[in-house]
Amino acid sequence: MTEIEQLLARVSSEARNSRPWGWPSLPAPVDRAAVARAEATLGFPLPPLLAALYLRIGDGGFGPSYGLLPLLDSPPSGEPAAVPQYLANRKSARKDPDWPWPEGILPISHWGCGMYACVDCHDPRGPVLLFEPNGDTAEEAWFVDAPDLMTWLRTWLDGTGWYEEANDGADLALWPDFRIRTTTAQAS
């Protein structure tokens, strides 16, 4: 069994045995057509591990805090879906250039208070970023949560994420590519 397969088995087990706030049950996985629709709407592919989570575990409803967002449609929990939230964030950013939303940064989990865990779908490593908009500037709102989705999932499974009580006060580094990614996007 590969490292990815082992991780997916652990995630699947945890997903079947726990419910984030607001989720009455684990939604069924999506089909390949739903992933294709999401990627066509976004204009970029999902990282393979993220696609596997949706295809094999469920359409959201598992993971830290409020859990993974559904891919295309909002569930009974009232959480936004990832693709429409991304599109809304990009539209909002066009109206307020002081708060750009970088292209390819897909929100995957809502933390409340406007905060999101996001995957950088344009980086082959698939880093997970924390968007925390309660600071003074957009540049100070983006943090590196994990170097890749695999690490992010492991910290959730192991109970070692920054959001755990035992890690209260853990500092995350600012995302160093924010200006590069938003300046390039604005110039095109």
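Report on the accompanying structure. None of these values were measured; they are calculated from a predicted model. (Residues numbered from 1 in each chain as written. Predicted model: local features only at pLDDT ≥ 70, side-chain atom pairs only at ≥ 80, totals over all residues. Heavy atoms only, no water.)

Let's talk about helix α1 (residues 3-17)
In this model, α1 (15 residues) spans 21 Å end to end at C-alpha, consistent with the 21 Å of a helix rising 1.5 Å per residue. Among the residues making up α1, those that are buried are Leu7, Leu8, Val11, Ser12 and Ala15. For α1, the angular spread of buried residues about the axis comes to 140°, placing them on one side. For α1, the exposed residues lying more than 90 degrees away from the buried face are Arg16 and Asn17. Packed against the buried residues of α1 are α3 (48-57) and α5 (149-158). (Helix = DSSP H or I, 4+ residues; strand = E, 2+ residues; numbered from the N terminus. Expected span 1.5 Å × (residues − 1). Buried < 20%, exposed > 50% of the residue type's maximum accessible area, 1.4 Å probe, protein only. Arc of directions from axis to C-beta. Contact = heavy atoms within 4.5 Å.)

Focus: the state of the cysteines
The bond known as a disulfide is covalent and runs between the sulfur atoms of two cysteines. Evaluation of the coordinates by the stated rule reveals 0 disulfides. Cysteine 118 supplies the cysteine sulfur nearest to cysteine 113, a cysteine that is in no disulfide, at a spacing of 15 Å. Unpaired in this structure, cysteine 118 has its nearest cysteine sulfur neighbour in cysteine 121, at a distance of 9.5 Å. (Disulfide = S-S within 2.5 Å.)

Overview of the sheet that holds strand β5 (residues 173-174)
In space, the 5 strands of this open sheet follow the order β1-β2-β3-β4-β5, with antiparallel pairing throughout. Looking along the sheet, the strands with just one partner apiece sit at the ends: β1 (105-112) and β5. Relative to strand β3 (residues 128-131), strand β2 (residues 115-120) runs antiparallel, the two sharing 4 bridges. By the bridge assignment, cysteine 118 is partnered in β3 with leucine 129. Set on the sheet, α5 makes contact with β1, β2, β3 and β4 (142-146); between it and β1 the angle comes to about 15°. (Pairing = 2+ DSSP bridges. Axes fitted to C-alpha atoms, helices over the stretch in contact; angles between N-to-C directions.)

As for α3
Burial of α3 is extensive: 8 of the 10 residues sit out of reach of the surface. The elements touched by buried residues of α3 are α1, α2 (32-42), α4 (82-95), β1 and α5.

Here's the deal with the side chain of arginine 181
With respect to the helices, strands and loops of the structure, arginine 181 is situated in helix α6 (residues 178-187). Separated by 2.8 Å, the side chain of arginine 181 and the backbone oxygen of glutamate 103 make a polar contact. Apart from residues lying up to four places away in sequence, arginine 181 is in contact with Pro102, Glu103, Gly104, Ile105, Asp120, His122 and Trp175. (Polar contact = N/O pair within 3.5 Å; in protein donor to acceptor, adjacent residues only side chain to side chain.)

Considerations on the pairing of β4
The buried fraction of β4 amounts to 4 of the 5 residues, a majority that puts the element mostly inside the structure. In this sheet, β4 lies alongside β3 in antiparallel orientation, the contact comprising 4 bridges. Of the residues in β4, the one forming a bridge with valine 128 is alanine 146. Pairing of β4 with β5, which is carried by 2 bridges, proceeds in the antiparallel orientation. Its bridge partner lying in β5, valine 144 is registered against alanine 173.

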